[in-house]
Amino acid sequence: MKKFLKDHGIWILFAAAVISVALAAMSFFSNTSSPLANLAGTLASPFRSAYTSVASWFNEKQAYFKDVQALEAENEALRKRNAELEAAARQAEKDSQENKLLRERLNLREQKYELELEAAIITEHTVTNWTSSLTLDRGTVHGVETGDCVVSSTNDLVGIVSEVGTNWCRVLTVVDTDTSLGAQVFRTKDLGLAQGDFSLMEEARLRLDYLPADCQLLGGDLVVTSGLGGYYPSDLVIGTIEEVQKDESGAASYAVIVPAADFDALSEVFIIKSFDIVT
């Protein structure tokens, strides 16, 4: 036995130490969890920590993005509301200006006519070798009809409605070759027919035909609508006389008229939808 211990004692002590450590470890593990479960938990612990960190980061970012989206939605709603308020303010200003213009025209109504006016914005101005027209943003839904007169804010005749759509209409200006209406020289009371002419339309001029051969017109004489036939109101300003010429027969004269309305400068006009003579 002594010889055995002498020869193998160190290995016995080593084995005892290993067993003691193993027992101590098992004792520790038995107080917490099974060895395999503890080992698995120990190995998984770093991954659980990493997952928890990533999940926390993701949740924070998700909450941040939700807050950002909420703020963006709120800002969009505020921008929309601000745009609506600005549009309302612009409309109010436009209505105010329109009412002012309409009030300025009341003197005309009180003198001879009760006019029903419709304010309109010019959306297109067309000038070619064959036509001179305007497109307005008013149509049948606004009570506009073909043949309605269109005037500027200062009561200058702009033209006549020739075509009407649902929410638009086309106006032939007074210089268009298809425009023709009864006219009168305000000073002399001479009557004639104001109409467009191909040779004059390019110069934004029109003719006053069928004047007496001996008419005594002067440059600058005012030409207005005659109102004869009841198609158009009288005393709408067409323009002024530029020059007077004899026609080819020599039996009558015609005058060249400069329109009072500056078509290129117009942005808003008024459609006369109806008129009643005040007696």
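Residues numbered from 1 in each chain as written. Predicted model: local features only at pLDDT ≥ 70, side-chain atom pairs only at ≥ 80, totals over all residues. Heavy atoms only, no water.

A. Local environment of the layout of surface pockets. Quantified by volume, the largest pocket comes out at close to 180 Å³. For the largest pocket, the lining is made up of 14 residues, of which Val175, Met201, Ala204, Phe263 and Asp264 are closest to its centre. At the level of secondary structure, the elements contributing two or more residues to the lining of the largest pocket comprise strand E1 (113-127) and strand E11 (252-259). Of the residues belonging to the lining of the largest pocket, the class tally is eight nonpolar, two polar and four charged. (1 Å grid on protein atoms, 1.4 Å probe; cavity = no way out; pocket = protein on both sides within 12 Å on 5 of 7 lines; lining within 4 Å. Points joined across faces, edges and corners; volume = space filled by probe spheres on them. Helix = DSSP H or I, 4+ residues; strand = E, 2+ residues; numbered from the N terminus. Nonpolar A, V, L, I, M, F, W, Y, C, P; charged D, E, K, R; others polar.)

B. Structural context of unusual backbone geometry. Of note in this structure, Ala204 is not a glycine but carries a positive phi near 60°. Mapping Ala204 onto the fold places it in the loop between helix H4 (198-201) and strand E8 (206-212). Overall, the relative accessible area of 29% leaves Ala204 in the partly exposed class. Although it is not a glycine, Tyr210 adopts a positive phi angle of roughly 65°. Relative to the helices and strands, Tyr210 resides in strand E8. (Buried < 20%, exposed > 50% of the residue type's maximum accessible area, 1.4 Å probe, protein only.)

C. Highlighting the nonpolar core. Residues Leu136, Val150, Leu157, Val158, Leu208, Ile238 and Val269 are the most contacted members of the largest nonpolar core, which totals 43 residues. With five residues, the top contributor of residues to this core is E1. In this structure Leu136 touches Ala120, Ile121, Ile122, Thr123, Val150, Asn167, Trp168, Cys169, Val171, Val269 and Ile271, once residues within four positions along its chain are discounted. (Core = buried A, V, L, I, M, F, W, Y, C linked by side-chain atoms within 4.5 Å. Contact = heavy atoms within 4.5 Å.)

D. Examining the pairing of strand E5 (residues 169-173) more closely. Most of E5 is tucked away, with four of its five residues classed as buried. Summarising the sheet, strand E2 (residues 132-136) and E5 pair through four bridges and their orientation is antiparallel. Looking at E5, one finds that Thr135 is bridged to Arg170. In this sheet, E5 lies alongside strand E4 (residues 157-164) in antiparallel orientation, the contact comprising five bridges. Looking at E5, one finds that Val161 is bridged to Val171. Taking the residues that link successive antiparallel strands as the turn, the E4-E5 hairpin has four residues. (Pairing = 2+ DSSP bridges.)

E. Expanded view of the pattern of salt bridges. The tally for this structure, following the rule as stated, stands at seven salt bridges. Measuring nitrogen to oxygen at the nearest pair gives 3.5 Å for the salt bridge that ties Lys273 to Glu116. Highlighted residues: Lys273 in strand E12 (residues 268-277) and Glu116 in strand E1, separated in sequence by 157 residues. The residue Glu118 makes a salt bridge to Arg138 at a minimum N-O spacing of 3.0 Å. In this pair, Glu118 is assigned in strand E1 and Arg138 in the loop between E2 and strand E3 (149-151), connecting sequence segments 20 residues apart. (Salt bridge = Lys/Arg side-chain N within 4 Å of Asp/Glu carboxyl O.)

F. Structural view of the pairing of strand E10 (residues 237-246). Bridge count between strand E9 (residues 222-225) and E10: three bridges; the pairing is antiparallel. Following the sheet pairing, Val224 is matched in E10 by Val237.

G. Broad picture of the side chain of Asp209. Tracing the chain through its elements places Asp209 in strand E8. For Asp209, a relative accessible area of 8% corresponds to the buried category. At 2.7 Å, the side chain of Asp209 forms a polar contact with the side chain of Arg207. Setting aside its immediate chain neighbours within four residues, Asp209 contacts Gly192, Leu193, Gln195, Ser253 and Tyr254. (Polar contact = N/O pair within 3.5 Å; in protein donor to acceptor, adjacent residues only side chain to side chain.)

H. Representation of the side chain of Ser226 within the structure. On the secondary structure map, Ser226 appears in the loop between E9 and E10. Under the relative-accessibility criterion, Ser226 is labelled buried at 14%.

I. Representation of the sheet that holds E11 in the model. Pairing is antiparallel in the closed barrel, where six strands are placed in the order E6-E7-E8-E11-E10-E9. Neighbour to neighbour, the strand axes of the sheet diverge by 40° on average, direction disregarded. Pairing geometry for E8 and E11, over five bridges, is antiparallel. In the strand pairing of E11, Leu211 is matched with Ser253. (Axes fitted to C-alpha atoms, helices over the stretch in contact; angles between N-to-C directions.)

J. A look at the packing of aromatic side chains. With the rule as written, the count across this model stands at one aromatic pair. For the ring pair Trp130 and Phe198, a centre distance of 5.5 Å and an interplane angle of 80° mean the geometry is edge-to-face. With Trp130 in the loop between E1 and E2 and Phe198 in helix H4, this residue pair connects regions lying 68 residues apart in the sequence. Relative accessible area serves as the criterion here: at 64%, Trp130 is assigned to the exposed category. In this structure Phe198 comes out as partly exposed when scored by relative accessible area, which is 49%. (Phe/Tyr/Trp six-rings, centres within 6.5 Å; stacked < 30°, edge-to-face > 60°.)

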